Amino acid sequence: MRAGLPVPPDVTPTADPIDTADTADPGLRSDQLELIRSVKGFMPDDEGQALFGVARQAARGGLGPLLEVGTYCGKSALYLGFGAVPFRTPVFSVDHHRGSEENQAGWEHHDASLVDARSGRMDTLPVARRAVESAGLDETVVLVVGPSTVVASAWGQPLSLLFIDGGHGREVAWADYRSWTPKVAEGGYLAIHDVFPDPADGGRPPYEIFCAALESGRFREVPERSCGSLRVLRRLAAPV
Ligand code: SAH
Ligand code: MG
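Residues numbered from 1 in each chain as written. Chains lettered and ligands numbered in written order. Predicted model: local features only at pLDDT ≥ 70, side-chain atom pairs only at ≥ 80, totals over all residues. Heavy atoms only, no water.

## What about the packing of helix 6 (residues 170–180) against helix 7 (residues 205–215)?
Then, number 1: Direction vectors running N to C along helix 6 and helix 7 enclose 30°, while the axes themselves pass 9 Å from each other. Between helix 6 and helix 7, the crossing angle belongs to the class labelled roughly parallel. For helix 6 against helix 7, the interelement crossing comes out right-handed. Counted together, Arg 170, Ala 173, Trp 174 and Tyr 177 of helix 6 and Pro 205, Glu 208, Ile 209, Ala 212 and Ala 213 of helix 7 form the full contact between these two elements.
Then, number 2: When the residues that make up the contact of helix 6 with helix 7 are grouped by side-chain class, the tally is 7 nonpolar, no polar and 2 charged. (Axes fitted to C-alpha atoms, helices over the stretch in contact; angles between N-to-C directions. Helix = DSSP H or I, 4+ residues; strand = E, 2+ residues; numbered from the N terminus. Parallel < 35°, antiparallel > 145°, perpendicular 65-115°, else oblique. Left-handed = near helix turned anticlockwise from the far one by under 90°. Contact = heavy atoms within 4.5 Å. Nonpolar A, V, L, I, M, F, W, Y, C, P; charged D, E, K, R; others polar.)

## Some points on the packing of aromatic side chains
Then, number 1: Inspection of the entire model under this criterion finds 4 aromatic pairs.
Then, number 2: Geometrically, the ring pair formed by Trp 174 and Tyr 177 is edge-to-face, given 5.7 Å between the ring centres and 80° between the ring planes. Of this pair, Trp 174 and Tyr 177 both sit in helix 6, 3 residues apart, which is roughly one turn of the helix. (Phe/Tyr/Trp six-rings, centres within 6.5 Å; stacked < 30°, edge-to-face > 60°.)

## Examining the pattern of salt bridges
Then, number 1: Applying the stated criterion across every chain, the model contains 9 salt bridges.
Then, number 2: A salt bridge links Asp 22 to Arg 56, with the nearest nitrogen and oxygen atoms 2.6 Å apart. Of this pair, Asp 22 sits in the segment before helix 1 (30–37) while Arg 56 sits in helix 2 (residues 45–61); the two residues are 34 residues apart in sequence, bridging distant segments of the chain. No difference in accessibility class separates Asp 22 from Arg 56, as the two residues are buried.
Then, number 3: The salt bridge partner of Arg 60 is Asp 22, with a shortest N-O separation of 3.7 Å. Of the two residues, Arg 60 is situated in helix 2 and Asp 22 in the segment before helix 1; the sequence distance between them amounts to 38 residues.
Then, number 4: Overall, the relative accessible area of 17% leaves Arg 60 in the buried class.
Then, number 5: Members of the salt-bridge network, linked through shared partners, are Asp 22, Asp 25, Arg 56 and Arg 60. (Salt bridge = Lys/Arg side-chain N within 4 Å of Asp/Glu carboxyl O. Buried < 20%, exposed > 50% of the residue type's maximum accessible area, 1.4 Å probe, protein only.)

## Thoughts on the sheet that holds strand 2 (residues 91–95)
Then, number 1: In spatial order, the strands read 3-2-1-4-5-7-6; together these 7 strands make up an open sheet with mixed pairing. Each end of this open sheet is capped by a strand with a single partner; those strands are strand 3 (141–145) and strand 6 (219–221). Looking at each pair of strands side by side, their axes are set apart by 20° on average, direction ignored.
Then, number 2: Relative to strand 4 (residues 159–164), strand 1 (residues 66–69) is paired through 4 bridges, and the arrangement is parallel. If you follow Leu 67 over to strand 4, its bridge partner there is Leu 162.
Then, number 3: The strands touched by helix 2 are strand 1, strand 4, strand 5 (184–192) and strand 7 (231–235); relative to strand 4, the strand with the most contacts, the crossing angle is about 155°.
Then, number 4: Sitting on the sheet, helix 7 touches strand 4, strand 5, strand 6 and strand 7, and the angle it makes with strand 6 is about 115°. (Pairing = 2+ DSSP bridges.)

## Some points on the nonpolar core
Then, number 1: Judged by nonpolar contacts, the single largest core of 41 residues is most densely connected at Leu 78, Phe 82 and Leu 161.
Then, number 2: The leading source of residues in this core is helix 2, at 7 residues.
Then, number 3: With residues near it in sequence (within four places) discarded, Leu 161 still touches Val 54, Ala 55, Ala 58, Pro 65, Leu 66, Leu 67, Leu 80, Tyr 189, Leu 190 and Ala 191.
Then, number 4: Of all hydrophobic cores here, the second largest spans 24 residues; its members include Val 69, Val 94, Val 144 and Val 184. (Core = buried A, V, L, I, M, F, W, Y, C linked by side-chain atoms within 4.5 Å.)

Any link to function would need more than the numbers given here.
Set out below in structure tokens:
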């Protein structure tokens, strides 16, 4: 018997050129939600459930794996994993696990329990790995450890969903945008977290890259899938 939560049955992906209603979407089970709530992170329940919905829809479309930039302790990775697992679609979650600027000592989002006593540096990898294991998602959620742009430089596979929630500084956010968004498959999704149109609500870079995606003409927003600061876009087919 494998440890962790029971995994939903396999479902065959069907190519899905339009965002058709997923009438079979069972939503998250209460045991899954309870586990996710126990994982540290920065994803409110309602936005996480929206992320689960788009992950499920992307996996259902069968265009490729899902990829997240910014694992932290694995909270959003579990929403993605629970959405993708019925379709046997892998979710790659990239993080160097050293924390963003705002996670460092002295900053607002610092958590001293995530510091590696030996090195004195942040290390969220053991916590994230435990979260994936407790969810029974070892075969679905693959933790990729390293700087996001280095991973991107060697990544060839088109993505059915790219979720950007890594560093929120201007340079890092733009580097993620430039290096990862071209990898979204036509018909695939791009989700960006912490998009705040009003500067009073939060930092600019996630909003800037959201606007850049729209202005590129390669993405349109899917407002019915967006929730709060989680904004969901879909890659359009290239003009012929
Ligand atoms: N998605 C998470 C929150 C992510 S916080 C949740 O649901 O809770 C942002 C994460 O991005 C941090 O863990 C940080 O280590 C990571 N990060 C920041 N810049 C990065 C970079 N250049 N490469 C890889 N990971 C990065
Ligand atoms: Mg976030």
